[in-house]
Each structure stands twice: as C-alpha cells, then as structure tokens.
Amino acid sequence: MYELIEIEGKQLPIRFGMNALRLFCKETKTSLNEFASLANDLDLDKACILILCGLKDGARKAGKECSYKVDDIADILDDDFGILETAMGYLRNSFDTPASGNSKGSKPVPKKKK
C-alpha cells in the first residue's frame, strides 16, 4: 500500500515501508536504532534522501519508475517546502500500530445512509 503525494503537479506514489527505511539506512549509513532518533535531529540532506527513498519505494510498489535524484528533491522543496511536511506526515502514519488504535493503512469507514 502506498500514498499519493503531489509533486510538480503530478500525483506520485510514496511509501515508507521497511524497504524505504532499508534504502535510507543504507544510503546514509544509519542504523535502525539511530533512525528512531532522527525525528529530533533530521538535517535537510537526510530529509531529501528520506523523501527520495519513499518515492522510490512507492514507485516500486505501484509498478512505476522513479527518476528523481537527491538534488531534484532539494529543488522541489525550494518550490514547495510543504512537501516535506506532507511526506513526514506519511512517514509518521506508516508507524501507526493497532495498539495505538490506528492500524497501519486503515481508513475511516463511511457511515451507511439509513
């Protein structure tokens, strides 16, 4: 499952599953334990890499190509810094667990009309 994020007027798949985290940790030489503390110390370079890893994994799951590079992500953020906030929101949502009352990937079910 993946989300869609609008970048340069296109709806692109983005996913922060284990593969995206694996790609990020490999690219930045970050351990999984270190990843857990990144929320408090995420620099712009790592933020761009994290978004790119999410886009690459989203494209993989959607059966599409992702031709962006880290520099492209930085340029995109120059034009729309809100993409960073949106992507980080998707990252946070990817860690929702049933114990938190919000199971991963769940969406509210509309009420039936009577």
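All of these numbers come straight from a predicted model, not from anything done at the bench. (Residues numbered from 1 in each chain as written. Predicted model: local features only at pLDDT ≥ 70, side-chain atom pairs only at ≥ 80, totals over all residues. Heavy atoms only, no water.)

## Looking at the overall build of the chain
Now for step 1: Scanning the chain from N- to C-terminus turns up 5 helices and 2 strands.
Now for step 2: Ordered by position from N to C terminus, the α and β elements of the chain give β-β-α-α-α-α-α.
Now for step 3: For the chain, the residues scored as buried account for 35% of the 114 residues in total.
Now for step 4: Within the chain, contacts between residues at least 6 apart in sequence are counted, and of these 59% link residues at least 24 apart.
Now for step 5: Carbon and sulfur atoms provide 51% of the accessible area of the chain, an area that totals close to 7,900 Å². (Helix = DSSP H or I, 4+ residues; strand = E, 2+ residues; numbered from the N terminus. Buried < 20%, exposed > 50% of the residue type's maximum accessible area, 1.4 Å probe, protein only. Contact = heavy atoms within 4.5 Å. Areas by Shrake-Rupley, 256 points an atom, 1.4 Å probe, with all protein chains shown as cover.)

## Quick look at the nonpolar core
Now for step 1: Ranked by internal contacts, the top residues of the largest apolar core, which has 28 residues, are Leu-55 and Ile-73.
Now for step 2: Going through the elements one at a time, strand E1 (3-7), strand E2 (10-14), helix H1 (18-28), helix H3 (44-62), helix H4 (70-79) and helix H5 (82-94) are the ones with two or more residues in this core.
Now for step 3: Beyond its immediate stretch of four places on either side in the chain, Leu-55 contacts Ile-5, Ile-7, Leu-12, Pro-13, Ile-14, Cys-66, Tyr-68 and Ile-73. (Core = buried A, V, L, I, M, F, W, Y, C linked by side-chain atoms within 4.5 Å.)

## Some points on the layout of surface pockets
Now for step 1: Empty space within the second largest pocket amounts to approximately 220 Å³.
Now for step 2: Secondary structure elements with two or more residues in the lining of the second largest pocket: helix H2 (32-36) and H5.
Now for step 3: For the lining of the second largest pocket, the element with the highest residue contribution is H5, accounting for 3 residues.
Now for step 4: Of the residues contributing to the lining of the second largest pocket, the split by class is 9 nonpolar, no polar and 1 charged. (1 Å grid on protein atoms, 1.4 Å probe; cavity = no way out; pocket = protein on both sides within 12 Å on 5 of 7 lines; lining within 4 Å. Points joined across faces, edges and corners; volume = space filled by probe spheres on them. Nonpolar A, V, L, I, M, F, W, Y, C, P; charged D, E, K, R; others polar.)

## Things to note about the packing of aromatic side chains
Now for step 1: Evaluation of the coordinates by the stated rule reveals 1 aromatic pair.
Now for step 2: When the centroid spacing of 5.6 Å and the interplanar angle of 70° are considered together, the rings of Phe-24 and Phe-35 count as edge-to-face. With Phe-24 in helix H1 and Phe-35 in helix H2, this pair connects stretches of sequence that are 11 residues apart. Of the two residues, Phe-24 and Phe-35, both sit in the buried class. (Phe/Tyr/Trp six-rings, centres within 6.5 Å; stacked < 30°, edge-to-face > 60°.)

So yeah, pure geometry; function would need other evidence.
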